[in-house]
Every structure is written in structure tokens, then in C-alpha cells.
Amino acid sequence: MTKNKEMKDMSEDRLDKMRLELRRGALVLAVLGSLRQAQYGYSLRKALLDHGLDIDEGTLYPLVRRLADQGLLDSEWQQGEGRERRYYILSPAGMELLEKLTQEWQALNGTLTTILETGR
């Protein structure tokens, strides 16, 4: 393997790791924002994908369960399309957290936009 190829592979690996780190917190906010209306796992995943956010099942389902365990989501079993599905929706605590995290996100996004555009 050439030196340039090694550097490129190392750089792509580093980018993948940083991209994953950047996405982690945003995924929580995206899931909370999408669950203002009741959805089951697949419909939630599809809604996120329709907005350009691809999240695999191995990441989404544990995240939803964790948010439910933290009291941020309410859930109930409903009959739908011939089978029972567990539907999730924001709890009052989840709605409150979503509002606060949205404010934090908007402030952070504004700051980062300024830094990235001006370089200071």
C-alpha cells in the first residue's frame, strides 16, 4: 500500500468516526422531534429517512427503548395493518425536553454558523 493510500484511508476512517460522533446527539433530537405524533418503529425510521436522516434499526430501536425507559416517551400496543405494533409518542417530560433541546440546538447552530462562516 502506498503512503498516499494509507493517508487517505486513515483520513476517511477519521472522518467516519467524527461523523458518527456528530450524529449521535442529533439523532436524539430528531427522534424526539419525530415523535410528536405517535409512530411505531418502522414508520419512525421511514419518516426520518424521508427527511434525509438514515438510521439503521440497530441504532434506532435501542435509542427509542432508552428514551421510553427514561420516561420521555409513552407507548401503547395498537392493532395496525393486521398486526399489533407498539406506538411511541412524546410524554409530557419528553415534550418539555424537546423544547429545551431545540432551543439549545438553535443557539449552538447559530454559533457554529458564525464560526464556520467567519473563521472566528
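## Remarks on a nonpolar patch on the surface
- The grouping of Leu108, Leu112, Ile115 and Leu116 at the surface amounts to a nonpolar patch, some 390 Å² of accessible area in total.
- Relative to the assigned elements, Leu112 resides in helix H4 (residues 92-118).
- Relative accessible area serves as the criterion here: at 40%, Leu112 is assigned to the partly exposed category.

## What about the pairing of strand S2 (residues 83-90)?
- Relative to S2, strand S1 (residues 73-80) runs antiparallel, the two being bridged by eight bridges. The residue of S2 that forms the bridge with Leu73 is Leu90.
- Between the end of S1 and the start of S2, which pair antiparallel, lie two residues, with Glu81 showing a positive phi angle near 50°.

## So, the pattern of salt bridges
- Summed over the entire model, instances satisfying the criterion amount to five salt bridges.
- Note that Arg19 is salt-bridged to Asp16, the shortest N-O span being 3.1 Å. Here Arg19 and its partner Asp16 are both found in helix H1 (residues 3-34), three residues apart, which amounts to about one turn of the helix.
- Assessed through its relative accessible area of 43%, Arg19 is described here as partly exposed.
- With its nearest N and O atoms 3.3 Å apart, the salt bridge here joins Lys46 to Asp50. Within this pair, Lys46 and its partner Asp50 are both found in helix H2 (residues 41-50), separated by four residues, close to a single helical turn.
- Looking at Lys46, the relative accessible area reads 39%, which means it is partly exposed.
- According to the relative accessible area criterion, Asp50 is exposed, its value standing at 55%.

## Considerations on the nonpolar core
- Within the largest apolar cluster, 19 residues are counted, with the highest numbers of intra-cluster contacts made by Val31, Leu67 and Leu73.
- Only H1, H2, helix H3 (57-69) and S2 provide two or more residues apiece to this core.
- Counting residues per element, this core draws most heavily on H1, at six residues.
- Among all residues touching Leu73, those that are not within four sequence positions of it are Leu32, Leu35, Val64, Leu67, Ala68, Tyr88, Ile89, Leu90 and Ser91.

## Remarks on the packing of H2 against H3
- At their nearest, the axes of H2 and H3 sit 11 Å apart, and the two run at 120° to each other. Considered as vectors, H2 and H3 are oriented oblique to each other. Along this stretch, H2 crosses H3, giving a crossing that reads as right-handed. Of H3, the residues touching H2 (which contributes Gly41, Tyr42, Leu44, Arg45 and Leu48) are Glu57, Leu60, Tyr61 and Val64.

Rules behind the numbers
Residues numbered from 1 in each chain as written. Predicted model: local features only at pLDDT ≥ 70, side-chain atom pairs only at ≥ 80, totals over all residues. Heavy atoms only, no water. Patch = residues over 30% accessible without salt bridge, like charges linked within 9 Å, V, L, I, M, F, W, Y side chains within 5 Å. Areas by Shrake-Rupley, 256 points an atom, 1.4 Å probe, with all protein chains shown as cover. Salt bridge = Lys/Arg side-chain N within 4 Å of Asp/Glu carboxyl O. Helix = DSSP H or I, 4+ residues; strand = E, 2+ residues; numbered from the N terminus. Buried < 20%, exposed > 50% of the residue type's maximum accessible area, 1.4 Å probe, protein only. Pairing = 2+ DSSP bridges. Core = buried A, V, L, I, M, F, W, Y, C linked by side-chain atoms within 4.5 Å. Contact = heavy atoms within 4.5 Å. Axes fitted to C-alpha atoms, helices over the stretch in contact; angles between N-to-C directions. Parallel < 35°, antiparallel > 145°, perpendicular 65-115°, else oblique. Left-handed = near helix turned anticlockwise from the far one by under 90°.

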